[in-house]
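Working through the structure, step by step
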Number of protein chains: 2
Amino acid sequence: MRTNSSTAEDLLIELDRNRTRAEPLHRQVAASIRESVRAGRLRHGASLPPTRTLAAGLGVSRGVVVEAYQQLVAEGYLTSRAGGYTQVALEPGGARVAAAAPAAGPGTQGVAPAVDFGYGHTDVSTFPRAAWLRSVRTVFAATPDDRFAYLDGRGVPELHQALADYLNRVRGTSADPRHTVICSGFGQGVSLLIQVLAARGARRLAVEDPSPDDDARPLAAAAGMDVVGIPVGPDGILVGELEKADADAVVLTPSHQWPTGGVLSAAARARVIRWAKRRGALVIEDDYDAEYRYDRAPVGAIQGLAPGHVVYCGTASKTLVPGLRLGWMLVPPHLVDDVAQAKLLADRGSAVIDQLTFADFLARGEFDRHLRRMRPVYRRRRDALLAALDARLPELTPTGVAAGQHVVAWLPPDLDEAAVVAAAARRGVALRGVARYRLDPAGPGGLIFGYATLSERAITGGIARLSRAIGDVRAS
Amino acid sequence: MRTNSSTAEDLLIELDRNRTRAEPLHRQVAASIRESVRAGRLRHGASLPPTRTLAAGLGVSRGVVVEAYQQLVAEGYLTSRAGGYTQVALEPGGARVAAAAPAAGPGTQGVAPAVDFGYGHTDVSTFPRAAWLRSVRTVFAATPDDRFAYLDGRGVPELHQALADYLNRVRGTSADPRHTVICSGFGQGVSLLIQVLAARGARRLAVEDPSPDDDARPLAAAAGMDVVGIPVGPDGILVGELEKADADAVVLTPSHQWPTGGVLSAAARARVIRWAKRRGALVIEDDYDAEYRYDRAPVGAIQGLAPGHVVYCGTASKTLVPGLRLGWMLVPPHLVDDVAQAKLLADRGSAVIDQLTFADFLARGEFDRHLRRMRPVYRRRRDALLAALDARLPELTPTGVAAGQHVVAWLPPDLDEAAVVAAAARRGVALRGVARYRLDPAGPGGLIFGYATLSERAITGGIARLSRAIGDVRAS
């Protein structure tokens, strides 16, 4: 591995301890390191000195350095590594490597935000490297050679079986290994489904309103289909509106509507299934984050109710790391050959070693273990967010808080969403409003808070900044 | 890993040693095992007894069992595993897992061919598992967390650098790491390029005639472009015909024309580049197998002559294994952002761990080592093929023999290609003719011999069968 292994022994940090109105020391340390990264003096991959070493060198308490590092990790300048050391995370020049996250926070032009509530980041530092490596080793010891050849478009049989076992147990699906297709994540999965549907004459795709603007919607439009938005209430999509929409398929997030967080009721689920059966329509279930549920038992997947009418889509991007590029679909039998064929044409199948490794990882129970470990971490971040919102911004109304890695908070009618987002950016807080995800522009203003990668301290600090930003808006 | 670990201790093999005209013992052993696999008594993944054990049990010399196993490995029924043991390679029911190879041999309906000269198979048993695993371990020890997040559409910077170093050294490219895009192989790469070209108004794609029928041609047609075939001579594409074709881009295999094997001359290369510059056209260079060159030094990539007008495409599918799903493109600067964006939309990037691992594998020199190890293996297989053709079928004219993993042999005018292919199938030999890859149906008949996965014995046996098949055609 070529990584830049230069260390930052020669880190230049000047502290101002004399002036009574000086910035706190940890902020001065953080500012100095941030400036070195921005100026390229500290390059991507460079290791920082251990906190103890730097603190001794500066003549400050170790807590000062720890706090500075934590802030810069939260801001994305540094990453915390196994073994306790810290590295520079930015590319030279300051461009974020992760700039292309599906719905990343917008950031302010040119300046990295202090706190980034952008959705779509996953806490990649928690990836269980050792357990994954054990599974890779098992794969190389046990896999027949022919698994490394071209496969059919569905993927590796071992993974079909391991996923079916897992999903049937944990998500209440009715998964048949033979009808499982491995893909690179939801984005590719829905692209393949739309190709197949369009080729079979589908003309109209219903989506939730609001919903993500970077997958099903542009893909369906590019395939020549009409896209129709179905309004969403507190309990997810309004099925009565869906029934009127003359659609051939619908994309749903029934377990945790994205972004508003509603959970589709049992009655509404049954009604969606009746609609699909009556029309011969397809339900595309995007089960993007249901593994992270905090206050009550997870809601089962809708696919389990009608496996002949629902495609279940899951992904490792939120539960493990996006870099795996692994997703999976449970496809109704009459569509599975077409979907597998589309996958072959797109890229001749997903990477085989990763599929085999994930199969072993699932079969060993490592995936369950990872989720058990991460659930309290994300829950504490969510709790910190809700507590800070409650303390600093009680006029906002959080929703969809029981699951996932983000929360939407509705704004009171007198606060303009765009003005709040812009003011927040000026205060160093990156976040997005709900408006950009709406098809019908009418609807209340709301803010989307992704909290998966932020420390509790960064969350609290971010909400304090947001509170000042909202003060700016009210004062203007 | 769940694999079927049943062994074949109870293998029923009846030998006929008495009759003077009995089949040789190794053929009887092979036939018996083949029949057990076909009938499902030996299931996929089952281990066979060690040759010594089985030989002792049958009261035959070990060489008899070794030869039987080798034949069945060559035929695809068994796979040879590291550590010297042997497993059943077929899926229950006899369907080949690798049925979807891009240009796999057709096989005969229902019966696995005895010898399969289908192109597109790679000898997956040679994958250097231990070296790859070492690189995976290095990656997990050394990679910063943020590499596992969403990346931009170009892929992992470490791999860009390692590929640029390798390609500039070995393929004579002019690679800039910043203009390198990682994809899932040539199929996806050309799909992305065609999307970008179509969006920029390209209307007409030139391809070699003959050329593969499963990537650029259907993809361009699906994108609404005209596809025009440019005839190929002994030295590759006829540039004079290209100049008349009014095309916006051309897909070329200049180092080893697929399938006919011609190498584009230096003068023709310069003329292609002049054509591209004059028209503002794009050359898509498919460098699918040039690493395997036997009788003279490799011919450098055409991309090195004009990096602003050529996209260089390479893949690990032929050099390592298809299951990696790794390919790479060197893209002219003015197109790289569009191509990266198309990659993001298609699947949000290729699997990261594999990219990082391949980067380390390249940087350690393991890729060079693997190629050095494989070159004489493939060369011996090619030599066996040429020797067998010369001995048994001197009326065929082999061509394009200096490189790669396949040879085309032209048929004399009195032999009908389709009749020979059909007769070969009846004699247990799977191969394809050149005709199916032609856009203009006129042209001499020829047979495509993929030899990458066949033992020298299987090759010789296959040509003997083919010779009998051609005898059948002449007699009918």
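About the cut-offs
- Residues numbered from 1 in each chain as written.
- Chains lettered and ligands numbered in written order.
- Predicted model: local features only at pLDDT ≥ 70, side-chain atom pairs only at ≥ 80, totals over all residues.
- Heavy atoms only, no water.
- Salt bridge = Lys/Arg side-chain N within 4 Å of Asp/Glu carboxyl O.
- Helix = DSSP H or I, 4+ residues; strand = E, 2+ residues; numbered from the N terminus.
- Buried < 20%, exposed > 50% of the residue type's maximum accessible area, 1.4 Å probe, protein only.
- Domains from an automatic or database assignment.
- Contact = heavy atoms within 4.5 Å.
- Buried area = accessible area lost by both parts, 1.4 Å probe.
- Polar contact = N/O pair within 3.5 Å; in protein donor to acceptor, adjacent residues only side chain to side chain.
- Phe/Tyr/Trp six-rings, centres within 6.5 Å; stacked < 30°, edge-to-face > 60°.
- Least-squares fit on C-alpha atoms with pLDDT ≥ 70 in both.

**Topic: the pattern of salt bridges**
Enumeration over the complete set of coordinates arrives at 48 salt bridges over all chains. One salt bridge in this structure joins B:Asp414 and B:Arg474, with 2.4 Å as the shortest N-O distance. Linking B:Asp414 in the loop between strand E13 (406–410) and helix H13 (417–426) with B:Arg474 in helix H14 (residues 456–475), this pair joins segments that are 60 residues apart in sequence. A relative accessible area of 41% means that B:Arg474 is categorised as partly exposed. The network of salt bridges with common partners includes A:Arg134, A:Glu366 and A:Arg369.

**Description of the domain arrangement of chain A**
All names here are of chain A. Examined at the domain level, chain A breaks down into domain 1 (8–88), domain 2 (115–122 + 369–475) and domain 3 (129–364). Each of domain 2 and domain 3 was reduced to a C-alpha centroid, and the two centroids are 27 Å apart. Contacts between domain 2 and domain 3 engage 28 residues on the former and 29 residues on the latter. Interface area for domain 2 against domain 3, summed over the two sides, is near 2600 Å², with a carbon-plus-sulfur share of 57%. In terms of surface lost to domain 3, no three residues of domain 2 exceed Leu371, Tyr437 and Leu439, which account for 23% of the buried area on that side. Where domain 2 meets domain 3, there are one salt bridge. Arg436 is the partner of Asp213 in a salt bridge, and the nearest nitrogen-oxygen pair spans 3.2 Å. Along the contact surface separating domain 2 from domain 3 lie 18 residue pairs in polar contact (both at pLDDT 80 or more). Listing elements by their share of the side of domain 2 that touches domain 3, those giving two or more residues are helix H12 (366–392) and strand E13 (406–410). Counting residues per element, the side of domain 2 that touches domain 3 draws most heavily on H12, which supplies eight residues.

**A few points about the packing of aromatic side chains**
Each aromatic ring pair is specified by the distance between its two centres and by the angle formed by the two planes. Overall, the coordinates contain 28 aromatic pairs over all chains when judged by the stated rule. When the ring of A:Phe140 is compared with that of B:Phe127, the centres are 6.0 Å apart and the planes differ by 20°; the resulting orientation is stacked. Of the two residues, A:Phe140 sits in helix H4 (residues 129–142) while B:Phe127 sits in the loop between strand E3 (115–116) and helix H4 (129–142), which places them in two different chains. A:Phe140 gets classed as buried once you look at its relative accessible area, which sits at 7%. Three or more aromatic residues joined by ring pairs form one cluster here, namely A:Phe127, A:Trp132, A:Tyr166, A:Trp328, A:Phe358, A:Phe361, A:Phe367, B:Phe140 and B:Phe148.

**Observations concerning the relation of the copies chain B and chain A**
Turning chain B through 179° and shifting it by 0.1 Å along the axis lays it on chain A, with an RMSD of 0.3 Å. The transformation relating the two chain copies, once decomposed into turn and shift, fits a two-fold axis. The position closest to the rotation axis in chain B is occupied by the C-alpha of B:Ala351, lying 3.4 Å away. Most of the interface of chain B is mirrored in chain A: 99% of its interface residues are interface residues there too.

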